[in-house]
Amino acid sequence: MMIQAEFEISEAYIRAATSKQIDNSLTGDVGYGYQIWCEEDNGFSFRGMGSQFALVYPERELAFACNSDTQMMGHIARILLRNVFREELLAKIQDRPLPADDAAGKALEIKLDSLNLIPQQGSLTSSYVEK
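Everything numeric in this text was worked out from a predicted model, so none of it was measured.

Caption draft 1: Main features of the overall build of the chain. The helix and strand tally for the chain stands at 3 helices and 4 strands. Starting at the N terminus and ending at the C terminus, the chain contains elements arranged as α-β-β-β-β-α-α. Looking at the chain alone, contacts between residues at least 24 apart form 21% of all its contacts between residues at least 6 apart. For the chain, the computed accessible surface area is about 11,300 Å², with 57% contributed by carbon and sulfur atoms.

Caption draft 2: Main features of the nonpolar core. Phe-53, Leu-55, Tyr-57, Leu-62, Cys-66, Phe-85 and Leu-90 form the largest nonpolar core, which has 7 residues in total. Only β3 (52-57) and β4 (62-66) provide two or more residues apiece to this core. Filtering out sequence-adjacent residues up to four positions away, Phe-85 remains in contact with Leu-55, Tyr-57, Leu-62, Phe-64 and Leu-90.

Caption draft 3: Representation of the packing of aromatic side chains. For the structure shown, the criterion picks out 6 aromatic pairs. With a centroid separation of 5.3 Å and 45° between ring planes, the pair formed by Tyr-13 and Tyr-34 is classed as tilted. With a gap of 21 residues between them, Tyr-13 in helix α1 (residues 11-17) and Tyr-34 in the loop between α1 and β1 (37-39) connect regions that are remote in the sequence. With relative accessibility at 43%, the residue Tyr-13 sits in the partly exposed group. Site record: aromatic cluster; members linked through ring pairs are Phe-53, Tyr-57, Phe-64 and Phe-85.

Caption draft 4: Focus on the sheet that holds β3. Ordered by their spatial adjacency, 4 strands build an open sheet running β1-β2-β3-β4, and the pairing between neighbours is antiparallel. Both outer strands of the open sheet, β1 and β4, are each paired with one neighbouring strand and no more. Averaged over all neighbouring strand pairs, the angle between strand axes comes to 20°, with direction disregarded. Bridge analysis of β3 against β4 gives 5 bridges, and the strand direction is antiparallel.

Caption draft 5: Representation of the environment of Glu-39. The residue Glu-39 is located in strand β1 in this model. With 10 residues separating them in the primary sequence, Glu-39 and Asp-29 have C-alpha atoms 7.5 Å apart. Excluding anything up to four places from it in sequence, Glu-39 contacts Val-30, Phe-44, Ser-45, Arg-47, Leu-55, Tyr-57 and Arg-82. At a separation of 2.6 Å, a polar atom in the side chain of Glu-39 contacts the side chain of Ser-45. A distance of 2.9 Å separates polar atoms of two side chains, one belonging to Glu-39 and the other to Arg-47.

Caption draft 6: Structural view of the environment of Ala-54. Assignment of secondary structure puts Ala-54 in strand β3. Counting along the chain gives 12 residues from Ala-54 to Cys-66, while the straight-line C-alpha distance between them is 6.2 Å. Not counting chain neighbours up to four residues away, the residues in contact with Ala-54 comprise Phe-44, Ser-45, Phe-46, Phe-64 and Ala-65.

Caption draft 7: Looking closely at the pairing of β3. Where strand β2 (residues 43-48) lies against β3, 5 bridges are found, and the strand directions are antiparallel. The partner of Arg-47 across the bridge, within β3, is Phe-53. Counted between consecutive antiparallel strands, the loop separating β2 from β3 contains 3 residues, among which Gly-50 sits at a positive phi close to 75°. Hairpin geometry of β3 and β4 is characterised by an intervening segment of 4 residues between the two adjacent antiparallel strands and by a positive phi of about 55° at Glu-61.

Cut-offs used in this document
Residues numbered from 1 in each chain as written. Predicted model: local features only at pLDDT ≥ 70, side-chain atom pairs only at ≥ 80, totals over all residues. Heavy atoms only, no water. Helix = DSSP H or I, 4+ residues; strand = E, 2+ residues; numbered from the N terminus. Contact = heavy atoms within 4.5 Å. Areas by Shrake-Rupley, 256 points an atom, 1.4 Å probe, with all protein chains shown as cover. Core = buried A, V, L, I, M, F, W, Y, C linked by side-chain atoms within 4.5 Å. Buried < 20%, exposed > 50% of the residue type's maximum accessible area, 1.4 Å probe, protein only. Phe/Tyr/Trp six-rings, centres within 6.5 Å; stacked < 30°, edge-to-face > 60°. Pairing = 2+ DSSP bridges. Axes fitted to C-alpha atoms, helices over the stretch in contact; angles between N-to-C directions. Polar contact = N/O pair within 3.5 Å; in protein donor to acceptor, adjacent residues only side chain to side chain.

In structure tokens form, the structure reads like this:
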């Protein structure tokens with residue numbers, strides 16, 4: 001059985017959800033919306049366990065997702081990953097296209113084609129599907 005739903009979320013709600021509703025600066029953060037973290041430079045993020053997160057910067061038309069498992073490293077991993085993102089990606093993004101580089105483009109295409117996520121073992125559905 002497939003359930004299909006269509007809905008719209010108002011712009012006002014999205015702006016509120018991604019804006020500072022709670023001050024969490026004592027923990028070194030910028031703010032907290034409706035289960036959405038505020039980031040510096042008018043960004044926001046979704047954070048999951050083990051440094052899985054997505055960073056969004058609407059003004060820069062940028063979304064970045066990270067799938068990782070750094071639970072053994074503690075909270076320092078999240079800080080390191082976010083710092084690398086800010087220093088190596090966000091700080092270097094420009095508003096103009098890069099010059100054409102066919103060789104680099106082909107190398108990137110080959111690399112992207114070789115990447116994959118290894119799915120976890122187990123059933124594709126839960127026993128709750130039948131309930």
